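Structural characterization, general
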Amino acid sequence: MSPRFWDCLDLQAFTDAACEVPYQQIKSGLFPGFDVWVRRDDLIDPIISGNKAYKLLFNLIEARDRGAEILITCGGAWSNHIHAVAAAGARFGFRTVGVIRGEIPAILNANLQDAQRFGMKLKFVTRTQYRKRNQPDFLHEVGLEPGSAYFIPEGGSNLLGIKGVQLLGKVIEETAPVAFDQMWVACGTGATFAGFSVGIRNISVIGVEILKAGDSILKDAGLWIERLSATRLGHLEKDKSGTRLPLDRLSDLRLRLLSQYHCGGYGKYPKALADFQREFEDQVNIPLDPIYTSKLFNALKKITAKDGEQRGVRALALHTGGLQGRRGYCLKS
Ligand SMILES: *Cc1c(COP(=O)(O)O)cnc(C)c1O
């Protein structure tokens, strides 16, 4: 692989880096009957990794065009987005402030230590305050003066963030080494899933929910898709098996959200998942993160075991990065 990285805040430079991201075919017995490939977006940049890079691209360009000198964002203590924003600020010349959910810890974890080293100012807020993160007066609520700062919501999941994921969809259409039937992606807020759903035509997109979110990912993704594609989706429903069955127009877009593979909820890492991750890494030699991509591939394994009759499906799984988070689970990074 050529040692490219995201070296300047420019659409073309970023797109060039995205076009260099390698695809890797998995040769192992883990996914019987499926031809599984991984797009290694964990490698798009050594520090600003995975889908967070795509979600930041247009936000950073917008911040610069507005003349903003400060980026403010928010997230949990192990947020990959916080890490990415802090790194991007250091690289592209923004000061950064991170509003972090929860009490100030006695010792900062490795993620927040990195963020601080990248120059990010950390502001810890109570969980009650943090719940208001999507309300317009959130920054006042936590005692910050927004002034001319540019605010990026949690996970970089706003319209500009999703446009970055759409760009990834186009890059995949142009660079895919074979024709894929399915695209698999891990869902936190669902913004990445939504961006793909609109950015990629002719490939079925399957999202694996990594948290117990009730219907919120489905609803949020549905709203984004409607906004981006100006399509009315009708209503969305879930069947008894926990597979979200898109109805009406959404099924034209061939989208599915799987809600049964969160392994207990966000950040939960039961032994069976740890065992699977170890097995995957031993056989495939691609490192996964414990929060998102381990659950993505675990779900894919369970589906392939179940859907034995669906032979010959060509699936592309997106490695959305997050490897820095391995340090929270004592996995070597
Ligand atoms: C944030 C993140 C996701 C989820 O992205 P959403 O757009 O919030 O659904 C998936 N994988 C990794 C590694 C992430 O850091």
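All of these numbers come straight from a predicted model, not from anything done at the bench.

Once that is clear, we can look at the overall build of the protein chain. On a plain count of helices and strands, the protein chain comes out with twelve helices and twelve strands. Against the compact-globule benchmark of 20 Å for 333 residues, the protein chain has a radius of gyration of 19 Å, which places it among compact chains. The C-alpha extent of the protein chain, read off along each of the three principal axes, is 55 × 45 × 40 Å. Within the protein chain, buried positions represent 53% of all 333 residues. Looking at the protein chain alone, contacts between residues at least 24 apart form 69% of all its contacts between residues at least 6 apart. With the model as given, the accessible surface of the protein chain reaches about 14800 Å², and the carbon-plus-sulfur share is 50%. The average position of the 43 basic charges and that of the 35 acidic charges among the side chains of the protein chain differ by 4 Å.

The next point concerns the site of the ligand. Neighbouring residues of the ligand: 15 residues in total, closest Lys 52, Lys 55, Thr 189, Thr 192 and Thr 320. Within the contact set of the ligand, an oxygen atom lies 3.0 Å away from a side-chain nitrogen or oxygen of Asn 51. Here Asn 80 contributes a side-chain N or O atom positioned 2.8 Å from an oxygen atom of the ligand. In isolation the ligand has 390 Å² of accessible area, and contact with the protein removes 98% of it. Secondary-structure elements contributing two or more residues to the shell around the ligand are helix H2 (50-65), strand E7 (182-187) and helix H8 (191-199). In terms of residue class, the shell around the ligand is made up of four nonpolar, nine polar and two charged.

Positive phi outside glycine occurs at Cys 263, with the angle close to 55°. Relative to the elements of secondary structure, Cys 263 occurs in the loop between strand E11 (255-258) and helix H11 (271-284). Residue class for Cys 263 comes out partly exposed when judged on its relative accessible area of 23%. One non-glycine residue with positive phi stands out, namely Cys 330, at about 55°.

For helix H12 (residues 293-306), with 14 residues, the first-to-last C-alpha span of 20 Å sits near the 20 Å given by 1.5 Å per residue. Counting buried positions along H12 yields ten of 14 residues, so the element is predominantly enclosed. Listed as buried for H12 are Thr 293, Ser 294, Lys 295, Leu 296, Phe 297, Asn 298, Ala 299, Leu 300, Ile 303 and Thr 304. In the core, the buried residues of H12 are packed alongside strand E2 (34-39), E7, strand E8 (204-209), E11, H11 and strand E12 (313-318).

Evaluation of the coordinates by the stated rule reveals 14 salt bridges. Residue Asp 35 is joined to Arg 314 by a salt bridge in which the shortest nitrogen-to-oxygen separation is 3.0 Å. Taken as a pair, Asp 35 in strand E2 and Arg 314 in strand E12 lie far apart in primary sequence, 279 residues in all. By relative accessible area, which is 31% here, Arg 314 ends up partly exposed. Across the pair Lys 271 and Asp 275 runs a salt bridge, and its minimum N-O distance is 2.8 Å. Taken together, the residues span about one helical turn, with Lys 271 and Asp 275 both in helix H11 at a distance of four residues. Note on Lys 271: relative accessible area 61%, which makes it exposed.

Attention shifts here to the packing of aromatic side chains. According to the stated counting rule, one finds twelve aromatic pairs in the structure shown. Taking the centre distance of 6.4 Å and the plane angle of 50° together, the rings of Phe 31 and Phe 297 count as tilted. One end of the pair, Phe 31, is in the loop between strand E1 (23-25) and E2; the other, Phe 297, is in helix H12, with 266 residues separating them in the sequence. For Phe 31, a relative accessible area of 3% puts it in the buried group. Aromatic side chains Trp 37 and Phe 180 sit 6.1 Å apart centroid to centroid with 75° between the ring planes, which places their arrangement in the edge-to-face category. Taken together, the positions of Trp 37 in strand E2 and Phe 180 in the loop between helix H7 (159-175) and E7 put the pair 143 residues apart, joining distant regions of the chain. The class for Phe 180 is buried, based on a relative accessible area of 6%.

Before going further, it helps to examine the nonpolar core. Judged by nonpolar contacts, the single largest core of 63 residues is most densely connected at Trp 6, Phe 14, Ile 48, Leu 60, Ile 172 and Phe 196. Aside from chain neighbours lying at most four places away, what touches Ile 172 is Tyr 23, Arg 39, Met 183, Phe 196, Ile 200, Leu 316 and Leu 318. Leu 30, Ala 186, Ile 210 and Tyr 261 belong to the second largest nonpolar core, which has 28 residues in total.

Before going further, it helps to examine the state of the cysteines. Per the stated rule, a full pass over the model turns up zero disulfides. Of all cysteine sulfurs, the one in Cys 187 lies closest to Cys 263, which takes part in no disulfide; the gap is 14 Å.

Remember that side chains alternate between the two faces of the sheet whenever the strand is regular. The buried fraction of E7 amounts to six of the six residues, a majority that puts the element mostly inside the structure. Examined bridge by bridge, E7 and E8 share six bridges and lie parallel to one another. Looking at E8, one finds that Cys 187 is bridged to Glu 209. For the crossover from E7 across H8 to E8, the handedness is right-handed.

Calculation criteria
Residues numbered from 1 in each chain as written. Predicted model: local features only at pLDDT ≥ 70, side-chain atom pairs only at ≥ 80, totals over all residues. Heavy atoms only, no water. Helix = DSSP H or I, 4+ residues; strand = E, 2+ residues; numbered from the N terminus. Rg over C-alpha atoms; globule rule 2.2 N^0.38 Å. Buried < 20%, exposed > 50% of the residue type's maximum accessible area, 1.4 Å probe, protein only. Contact = heavy atoms within 4.5 Å. Areas by Shrake-Rupley, 256 points an atom, 1.4 Å probe, with all protein chains shown as cover. Lys, Arg positive; Asp, Glu negative; His and termini not counted. Charge placed at Lys NZ, Arg CZ, Asp CG, Glu CD. Near = heavy atom within 4 Å. Polar contact = N/O pair within 3.5 Å; in protein donor to acceptor, adjacent residues only side chain to side chain. Nonpolar A, V, L, I, M, F, W, Y, C, P; charged D, E, K, R; others polar. Expected span 1.5 Å × (residues − 1). Salt bridge = Lys/Arg side-chain N within 4 Å of Asp/Glu carboxyl O. Phe/Tyr/Trp six-rings, centres within 6.5 Å; stacked < 30°, edge-to-face > 60°. Core = buried A, V, L, I, M, F, W, Y, C linked by side-chain atoms within 4.5 Å. Disulfide = S-S within 2.5 Å. Pairing = 2+ DSSP bridges. Right-handed = clockwise from strand over helix to strand, strands pointing away.

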